[in-house]
Amino acid sequence: MSIRTTFKKVLPSISTTEQEALDAGDVWLEGSIYQGIPDFDALRAVPGATLSAEEQAFLDGPVQTLIEMVDDFELQNALHLPENILTFLKENKFFSLIIPKSYGGLEFSPYANSTIVATIAAKSSAVAVTVMVPNSLGPGELLMHYGTDEQRDFWLPRLANGLEIPCFALTSPEAGSDAGGIPDIGTVTMGEYQGEQVLGLSVTWDKRYITLAPIASVLGLAFKVEDPQGLLGGKEQLGITCALIPKAHSGVQLGNRHDPMGCRFYNGTTRGENVFIPMDFIIGGQKNIGRGWQMLVACLGAGRGISLPALGVSVSQASFKSSAEYAAVREQFGLSIGKFEGIQEKLADIAGKTYLQEAMRVLTTEGLGLGLKPSVVTAIAKYHMTEIGRDVLNSAMDIQAGKAIQRGPQNTLASGYVAQPIAITVEGANILTRNLMIFGQGVMRCHPYLQNMVESIHSDEKDADKTFNRIFRQTVGYSVGNSLRAFRLGLLPFTAGAKSTLPEVVDYEKSVHKLASKLAVYADFSLLVLGGKLKQAEMLSARLGDVMSYLYAAMASIRYYEQKVSAEQRSQATPYFHYATRWALCNAEKALLDFLDNFPSAPTRQFMKLITVTYSPKMKKVNDDLVRELAHQAQLNTEFKRQLTHLVKPVAGGGNYINEQAYLAKIACLPLLAKVKKGLKAREFKSGVKFALTLDNAFAAKVISNGEHKQLLDYNLKRERAIRVDEFDFDMNLVDERAELKIAN
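From a predicted model like this one, the values you see are computed outputs, not experimental measurements. Each chain carries its own residue numbering, running from 1 in the direction its sequence is written. The predicted nature of this model means local features are confined to residues of pLDDT at least 70 and side-chain atom pairs, given and counted, to a pLDDT of 80 or more, with totals for whole chains, interfaces and linings taken over all residues. As a rule here, side-chain values cover all heavy atoms of the structure and leave hydrogens and water aside.

Caption draft 1: View of the overall build of the chain. Segments assigned H or I by DSSP are reported as helices when at least four residues long, segments assigned E as strands when at least two residues long, and all are numbered from the N terminus. Scanning the chain from N- to C-terminus turns up 29 helices and nine strands. Over its C-alpha atoms, taken along the principal directions, the chain stretches across nearly 100 × 75 × 45 Å. Residues counted as buried form 57% of the 745 residues belonging to the chain. Counting only contacts in the chain whose residues sit at least 6 apart along the sequence, the fraction spanning at least 24 positions is 78%. A total accessible area of about 30,900 Å² is found for the chain, and carbon and sulfur atoms account for 53% of it. Across the chain, 77 positive and 78 negative side-chain charges occur, with their mean positions spaced 8 Å apart. Under the scheme applied here, a residue whose accessible area is under 20% of the maximum for its type counts as buried, over 50% as exposed, and between as partly exposed, the area being computed with a 1.4 Å probe on protein chains only. Residues count as neighbours in contact if any of their non-hydrogen atoms are within 4.5 Å of one another. The accessible surface values rely on the Shrake-Rupley method and a 1.4 Å probe; as for residues, cover is taken only from the protein chains in view. Positive charges come from Lys and Arg alone, negative charges from Asp and Glu alone, with His and the N- and C-terminal ends not counted. Just so you know, the charge point we use is NZ for Lys, CZ for Arg, CG for Asp and CD for Glu.

Dropping the structure here:
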């Protein structure tokens, strides 16, 4: 029995759907991480993302106007987006961020797309989702890449100027993340269209969770095609296909709404039964029958790498800004709560992770800006950036406590807190993304020989054995090289290389190399020992995926610090950088150790530990001194802090504005507050029941001047307003709202 025959019994064949997913997209930095030699040269060579003058003008103009128009609390209590908001979005081309200028679109970069969506999300998740969907996976992108000239010429200008609102229907009640299992069927048949008998499809579908469906004028639809009569002259089952169907087309049902966590973006159902469509409705025409899954997977980058991570970053920046300001202004026991170590621990975590989020957002959109479609990196971004956003938001809720749980215009967290699970659920639930996609795709895409080996194992070619033997020798050599490198770095860690010119970066760069070398070995042994069973060992593969993810995050942190932090900002940014990078590296190491502890073969487990010299954690952890330093830095009014909260645009009278005004007033009053505190300590005057009375006493005792007294009273008024929560007459507001909802239902 040949080695190839032995492997054929162990390794399962790759299904057509899996093969299409593997063939779609590109391999980028994650390939070098998986192979154990992170490519920092390629990382540093990526052109830096910046906004063009046109993109900046759009942010300063239409986006700023939109933010000022939106009353998010009013929107939460309504049934849907106001008509004037929808009209503004259409007239200002918010639905055509990615459509080429030649078709009337804006053709913005992935970085600009991300920045626009995230800026809107910091004000309103519902409006952000409404904007992001047409610019993510949907008719626009599919038409751009796969449509016929006639389809592009007709549809793209209409989508660009807002005459058409698109939605895309993939998810069925019977098939969510398992898109290959969709039950919706299109049967090849003859039918009548515009008074003539033409070849087409009779399509029956039942879809749910479709954003913009209730107001869409054109429906993108994914379904399976079958040809039982052989009208196309080939096989009966032809595969997943994508079509574009006008809402006005006979039999199309669009309208019934879902209620996604009370977030008032349009989301609903679409159905149709035996709806006849001509072949011209298929995106790309008849030749693209069966190519739908390949098309969808190739276009997932916008949703996974831009839109959903943008929601995670926006909620982190909003949480960071409001929590830092609240911690500085809110006082308990005569001290700002930001002085208490319990608060500092939470605040430092928020600050460090917000830095990491922004670093990952910038790097991922830079990769997409190169024209790449890195399927593994975008899956990493989607999973980790939405999860980190949820983690940061939970900490912000803890810091702001009572203020955070009372809904109202002043609450800057409630809307994001409710909406965050939505970003975590769509485009494949995060459990699926972590346990199956990141390492599952990564192992096949990033391994230099594995995909070719599997193909040769199941090949029917005459020279299949010869091809397999050649690839097998290369694979063995690759694995031996990985093992030797990991052993050297484990035994002699100082031999790890680093090219950074910044001393504080060097050790982290070396750590990325050391951990990646172990990942390569563990991945090889997993394939060798578990083979096809690795597919079912989801917890093991998820941990290896975590290692890839956290090392990518650490590389993003390093790049951001080297390229986006000016020399003048370095001292401000250093605590953020240390916290974020250590956190990522410690999590990568923990995932490796957990993988080893749970590997099912004890002898293999011990050998892997020996060959990589891995017996205990080695990464430098986040310690209390770093927490205190970062918490202090996070409460200062620095240029770098403003850089990390640039997505939040306070509007006069809004919650962020009220918080910011109180915070800035306190920063300006710090010397005066110190003077008052010194006078109290020297017993030059008495403390009042309220702070305003204390200030009056200080003024009477001539500890502060008339101007200083007025400035401090102004600060006190702003402080009181910032810590206050909203209150309502329930008979007039919330009760009426519930009654309205009941009637509507």
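From this point, the discussion proceeds with the structure in view.
Caption draft 2: Representation of the side chain of Ser 541 in the model. Positionally, Ser 541 belongs in helix 21 (residues 538-563). Dropping the residues within four chain positions of it, Ser 541 is found in contact with Asn 435, Phe 439 and Leu 534.

Caption draft 3: Geometry of the pattern of salt bridges. By definition, a salt bridge exists where a carboxyl oxygen of Asp or Glu is found within 4 Å of a side-chain nitrogen of Lys or Arg. Applying the stated criterion across every chain yields a total of 26 salt bridges. Among the ionic pairs, Glu 54 bridges to Lys 101, the shortest N-O distance being 2.8 Å. With a gap of 47 residues between them, Glu 54 in helix 5 (residues 53-69) and Lys 101 in the loop between helix 7 (83-91) and helix 8 (110-121) connect regions that are remote in the sequence. By relative accessible area, Glu 54 is classed as partly exposed at 38%. Accessibility expressed as a relative area gives 46% for Lys 101, which makes it partly exposed. In this structure, Glu 660 engages Lys 321 in a salt bridge whose closest nitrogen and oxygen atoms are separated by 2.8 Å. Here Glu 660, found in helix 26 (residues 655-681), pairs with Lys 321, found in helix 13 (residues 301-329); they are 339 residues apart in sequence, far enough to count as distant. Lys 321 shares its class with Glu 660; the two are buried.

Caption draft 4: Summary view of unusual backbone geometry. The backbone of Tyr 209 shows a phi angle near 65°, a positive value even though the residue is not glycine. Structurally, the position occupied by Tyr 209 is in strand 3 (residues 196-211).

Caption draft 5: Region of the structure containing the environment of Asn 637. Relative to the assigned elements, Asn 637 resides in the loop between helix 24 (624-634) and helix 25 (639-643). Take Asn 637: its relative accessible area is 34%, and that puts it in the partly exposed class. When near neighbours in sequence (up to four residues on either side) are disregarded, Asn 637 contacts Arg 642, Tyr 663, Leu 664 and Ile 667. For Asn 637, the side chain forms a polar contact with the side chain of Arg 642, separated by 2.9 Å. Nitrogen and oxygen atoms within 3.5 Å of one another constitute a polar contact, given that in protein one can donate a hydrogen and the other can accept it, and given that sequence-neighbouring residues count only through two side-chain atoms.

Caption draft 6: Layout of helix 7. For helix 7, the complete set of buried residues consists of Ile 85, Leu 86, Phe 88 and Leu 89. Looking straight down helix 7, one finds its buried side chains confined to an arc of 160°; they lie on one side. More than 90 degrees from the buried face of helix 7, the exposed residues found are Glu 83 and Glu 91. As for helix 7, its buried residues are in contact with helix 5 and helix 9 (125-132). The positive-phi residue at the C-terminal boundary of helix 7 is Lys 93, with phi of around 65°. In this description, the arc belongs to the directions extending from the helix axis to the C-beta atoms.

Caption draft 7: A look at a nonpolar patch on the surface. By definition, no residue in a patch forms a salt bridge, and every one has over 30% relative accessible area; like charges are joined within 9 Å, nonpolar side chains (Val, Leu, Ile, Met, Phe, Trp, Tyr) within 5 Å. On the surface, a nonpolar cluster with roughly 400 Å² of combined accessible area is contributed by Phe 487, Leu 491, Leu 492 and Phe 494. For Leu 491, the position within the fold is in helix 19 (residues 464-491).

Caption draft 8: Broad picture of the confidence of the model for the chain. On average, residues of the chain score 90 in pLDDT, and 94% of them are at 70 or above. Every residue in residues 734-745 is under pLDDT 50, and counting partners more than four places away or in other chains gives 10 contacts. Per residue, pLDDT captures the predictor's confidence, and it can take any value from 0 to 100.

Caption draft 9: Focus on helix 26. Largest kink in helix 26: about 60°, centred on Cys 669, with the proline Pro 671 one to four residues after it. Of the residues flanking the end of helix 26, it is Arg 683, one or two places downstream, whose phi is positive at about 60°. At every residue, the bend is computed as the angle between two fitted axes, covering the seven residues ending there and the seven beginning there respectively.

Caption draft 10: Geometry of the pairing of strand 7 (residues 267-278). Here strand 7 lies mainly inside the structure; nine of its 12 residues are buried. By the convention used here, strands pair only if DSSP detects at least 2 bridges between them. Here strand 3 runs beside strand 7; their pairing, made up of nine bridges, is antiparallel. Bridging across to strand 7, Leu 201 finds its partner in Ile 277. Taken together, the three bridges between strand 6 (residues 253-257) and strand 7 define a ladder with antiparallel strand orientation. By the bridge assignment for strand 7, Gln 253 is matched with Arg 271.

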